[in-house]
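Below, each chain spelled out in residue letters.
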Amino acid sequence: MPNNAQPYRAPMSTLQPQDVVPAPKIPEFTGTTRVYEPGPLTATGVDLRSGQLANIPTPQVQLSDVSFVPTVLIPQQNGNNNDQLDVSLLDDFIEDVSPNARHYPPNFPNRSQRHYTREKIKVLAEWIQPYAESTNASYDVLIRAAKLNGMGRNLDLGSDYTIRGGKYVDRAIKLQPNSGEANFLYGMMLSEGGGFKEGQKYLDRAVSLGYTEAEQSLAQSDLLSDRRDNALERLRRLEQKNPNNDIIRQQIKLIEEGKFYIWDIPAPDINVKPSA
């Protein structure tokens, strides 16, 4: 080869290993019920009951405040009730953390609870993703996946959560166009992400279907669009319809004080466990 000749090199790919996202494994549907279970626990301590430590008394444990989570089974696929998911723990978690993470900005009593909620959303969103990615996923699967990913977006878990949340709730609306909850979720995600005009039609639809929280999201949209008077008027009308709703009164006060986020109010205390 001449001295000035350049050896041939194949063009290098600019794709990095971390850019390659494996497609979620779509579960096989065989007429079974799948239950969410945490990963296996590894014993790292000493079992005092085995007598390994001399002269150490056996610990006595008493249980109190025992609670039970209602069993909730949902169809995995649209129009097919043979394959079901046990979403008891998932629904209990969503109900527990929604007041803190459903809207932006999220509001937690302390950093630990925010961290534990973020970590648990990661685990549960990964668990339900293969079922939500199924081309025939049921409305019940899609709406739960949308809620989880929407909260993940609010907790700054990344753009993937934003994309998945919007995709899942869009598919849920196509399955049930008259769902007040689905229309509210989509409208809320769009408007709180800056798409006020795009989100309004879904929020208006949710209001017409009797979804009270959609009115609050419309007030938030008015506020961020420099329509403070409209936001106040909307919330005051809503307060007359719901005189026992303390959150609406707090939101009115925030606007009167010149604040811009009506969900930036003290959230209820929660107790999310550190384990997944």
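Residues numbered from 1 in each chain as written. Predicted model: local features only at pLDDT ≥ 70, side-chain atom pairs only at ≥ 80, totals over all residues. Heavy atoms only, no water.

**Section: the overall build of the protein**
In step 1: Broken down by element type, the protein carries nine helices and three strands.
In step 2: When the helices and strands of the protein are placed in sequence order, the string is β-β-β-α-α-α-α-α-α-α-α-α.
In step 3: A total of 276 residues make up the protein; the buried ones form 39% of that total.
In step 4: Long-range contacts, defined as pairs at least 24 residues apart, comprise 64% of the intrachain contacts of the protein with a sequence gap of at least 6.
In step 5: For the protein, the exposed surface amounts to about 17000 Å²; the carbon and sulfur share of it is 50%. (Helix = DSSP H or I, 4+ residues; strand = E, 2+ residues; numbered from the N terminus. Buried < 20%, exposed > 50% of the residue type's maximum accessible area, 1.4 Å probe, protein only. Contact = heavy atoms within 4.5 Å. Areas by Shrake-Rupley, 256 points an atom, 1.4 Å probe, with all protein chains shown as cover.)

**Overview of the nonpolar core**
In step 1: Of all hydrophobic cores here, the largest spans 46 residues; its most connected members are Phe93, Trp127 and Leu148.
In step 2: Of all the elements in the fold, those that place two or more residues in this core are helix 1 (88-101), helix 2 (111-133), helix 3 (139-154), helix 4 (159-175), helix 5 (180-192), helix 6 (196-208) and helix 7 (212-224).
In step 3: Sorting elements by how many residues they give to this core places helix 3 first, with eight residues.
In step 4: Contacts of tryptophan 127, omitting those with residues within four sequence positions, involve Val35, Tyr36, Leu85, Asp86, Val87 and Leu90.
In step 5: Counting eleven residues, the second-largest nonpolar core is a separate cluster that includes Ala219, Ala231, Ile252 and Trp263. (Core = buried A, V, L, I, M, F, W, Y, C linked by side-chain atoms within 4.5 Å.)

**Regarding the pairing of strand 3 (residues 80-86)**
In step 1: In terms of strand pairing, strand 1 (residues 33-35) meets strand 3 through three bridges, oriented parallel. Within strand 3, the residue paired with valine 35 across the bridge is aspartate 86.
In step 2: Examined bridge by bridge, strand 2 (residues 73-77) and strand 3 share four bridges and lie antiparallel to one another. Directly across from glutamine 77, in strand 3, lies its bridge partner asparagine 80.
In step 3: Counted along the chain from strand 2 to the antiparallel partner strand 3, the turn is two residues long, and its residue glycine 79 has a positive phi close to 75 degrees. (Pairing = 2+ DSSP bridges.)

**A closer look at the sheet that holds strand 2**
In step 1: Spatially, three strands are ordered 1-3-2 in an open sheet, and the strand pairing comes out mixed. Every other strand in the sheet has two partners, leaving strand 1 and strand 2 as the edge strands with one partner each. Within this sheet the neighbouring strands show an average axis-to-axis angle of 35 degrees, counted without direction.
In step 2: Sitting on the sheet, helix 2 is in contact with strand 1, strand 2 and strand 3, with an inclination near 170 degrees to strand 3. (Axes fitted to C-alpha atoms, helices over the stretch in contact; angles between N-to-C directions.)

**Overview of the pattern of salt bridges**
In step 1: Per the counting criterion, the structure on display carries 15 salt bridges.
In step 2: Note that arginine 234 and glutamate 215 form a salt bridge whose closest N and O atoms lie 2.9 Å from each other. Here glutamate 215 lies in helix 7 and arginine 234 lies in helix 8 (residues 228-241), a separation of 19 residues in the sequence.
In step 3: Residue classification places glutamate 215 among the buried positions, given a relative accessible area of 12%.
In step 4: Connected via shared salt-bridge partners are Glu215, Asp222, Arg227 and Arg234. (Salt bridge = Lys/Arg side-chain N within 4 Å of Asp/Glu carboxyl O.)

**A closer look at the environment of serine 179**
In step 1: By the element assignment, serine 179 lies in the loop between helix 4 and helix 5.
In step 2: We classify serine 179 as buried; its relative accessible area is 8%.
In step 3: Each C-alpha atom, one on serine 179 and one on leucine 209, is 7.7 Å from the other, the two residues being 30 residues apart in sequence.
In step 4: Setting aside chain neighbours within four positions, we find serine 179 in contact with Tyr139 and Leu209.

**Quick look at the confidence of the model for the protein**
In step 1: Averaged over all residues, the pLDDT of the protein is 84; the fraction at 70 or higher stands at 81%.
In step 2: Averaged over each element, pLDDT in the protein is lowest for strand 1 (76) and highest for helix 3 (97).
In step 3: Confidence drops under a pLDDT of 50 for residues 5-18, and excluding neighbours within four residues, the segment shows two contacts in the predicted structure. (pLDDT = per-residue confidence, 0-100.)

**Brief notes about the side chain of arginine 102**
In step 1: By secondary structure assignment, the location of arginine 102 is in the loop between helix 1 and helix 2.
In step 2: Apart from the residues lying within four places of it in its own chain, the contact partners of arginine 102 are Val97, Met151, Asn154, Phe184, Leu185, Met188, Glu192, Tyr211 and Glu213.

**Describing helix 8**
In step 1: Compared with the 20 Å implied by 1.5 Å per residue over 14 residues, the 20 Å span of helix 8 between its first and last C-alpha is a close match.
In step 2: Listed as buried for helix 8 are Ala231, Leu232, Arg234, Leu235 and Leu238. Around the axis of helix 8, the buried residues are gathered within 165 degrees of arc, so they sit on the same side. Along helix 8, the residues that are exposed and aim more than 90 degrees away from the buried face are Asp229 and Gln240.
In step 3: Tucked inside the fold, the buried residues of helix 8 contact helix 7 and helix 9 (246-256). (Expected span 1.5 Å × (residues − 1). Arc of directions from axis to C-beta.)

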